[in-house]
Amino acid sequence: MKKLALCIVCVAAAGCSSVSVREETAISALAPTARPGALWVRPFEVPRGVEFDAAAKSGEENSQARVGRLIAAGVLSRADRWIAPGKLLEAGAPAPASGLLVEGKLLRVRQGSRALRLGIGLGAGRSRMETSVKVFHLDRSSTEPWMVFETAGGSNSEPGLIGMLIPSPVSIPVALSIIGGTATAGAISGKGVTEDALRTGRTIAAAIHERLATGGAVKNMASAKRPGRIMTPAGEVKFPPTE
């Protein structure tokens, strides 16, 4: 019975919206040995030619700039607690002399279909966002990054209104949360580019925090999701990657 319950938790976790860290490398010689004095974050760039499928909002001139700033905002939302006092550093501004600096590029943005996410779900109309990230420890080097990694994620396989008519380990908890008032149909359909960008930023912050904690620079308070690894109330569970 316990194994069955654990499987249900794993399947539900695999179906939820998520962002994972991959292709991570770090240079130990450049790692901070104490809590950094500041965390500087530039808005993420969108290189020419990458897939970027995200419609501009009403009155918005540049949707690419909006998404890049949303990722930075996601990082900064966790900076003070997990890493160091966070500050936005505009594109083109010179790098400070100390602290950590986060720079990144969007590799893919796909907004998917809100109508399909709401109506069917289970992967139909899913959104997708991928980034590459560099983290510099400016006290050691402003040209060679301390950390380099990528992130990937999106709305994944959450059930829509039709999908919730089919009982499953994923659909039942979502249906119950809607009945209980903790989730709404609008919240399900609205998990698109905006939420993906903010969630990506929070995952980036978690990856930096986890690396700092591993080196003893800060107290461990969070961890970033990685392919094949799911955190549950019972602890860490290995799971086949879905990406």
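Residues numbered from 1 in each chain as written. Predicted model: local features only at pLDDT ≥ 70, side-chain atom pairs only at ≥ 80, totals over all residues. Heavy atoms only, no water.

## Some words on the overall build of the protein chain
The helix and strand inventory of the protein chain stands at 6 helices and 9 strands. The burial tally for the protein chain puts 43% of its 243 residues in the buried class. Within the protein chain, residue pairs in contact and separated by at least 24 positions form 74% of the contacts whose partners lie at least 6 positions apart. When the accessible surface of the protein chain is split by element, carbon and sulfur atoms take 57% of a total near 12100 Å². (Helix = DSSP H or I, 4+ residues; strand = E, 2+ residues; numbered from the N terminus. Buried < 20%, exposed > 50% of the residue type's maximum accessible area, 1.4 Å probe, protein only. Contact = heavy atoms within 4.5 Å. Areas by Shrake-Rupley, 256 points an atom, 1.4 Å probe, with all protein chains shown as cover.)

## So, the side chain of Glu210
Topologically, Glu210 is positioned in helix H6 (residues 193–214). Note on Glu210: relative accessible area 17%, which makes it buried. Here Arg226 takes part through its side chain, which lies 2.7 Å from a polar atom of the side chain of Glu210. (Polar contact = N/O pair within 3.5 Å; in protein donor to acceptor, adjacent residues only side chain to side chain.)

## Focus on unusual backbone geometry
Despite not being glycine, Glu23 has its phi angle at roughly 50°, a positive value. Along the chain, Glu23 falls in strand E1 (residues 18–26). By relative accessible area, which is 61% here, Glu23 ends up exposed.

## Re the environment of Gly201
Mapping Gly201 onto the fold places it in helix H6. Here Gly201 falls in the buried class, since its relative accessible area comes to 0%. Beyond its immediate sequence surroundings of up to four residues, Gly201 is in contact with Ile71, Gly74 and Val75.

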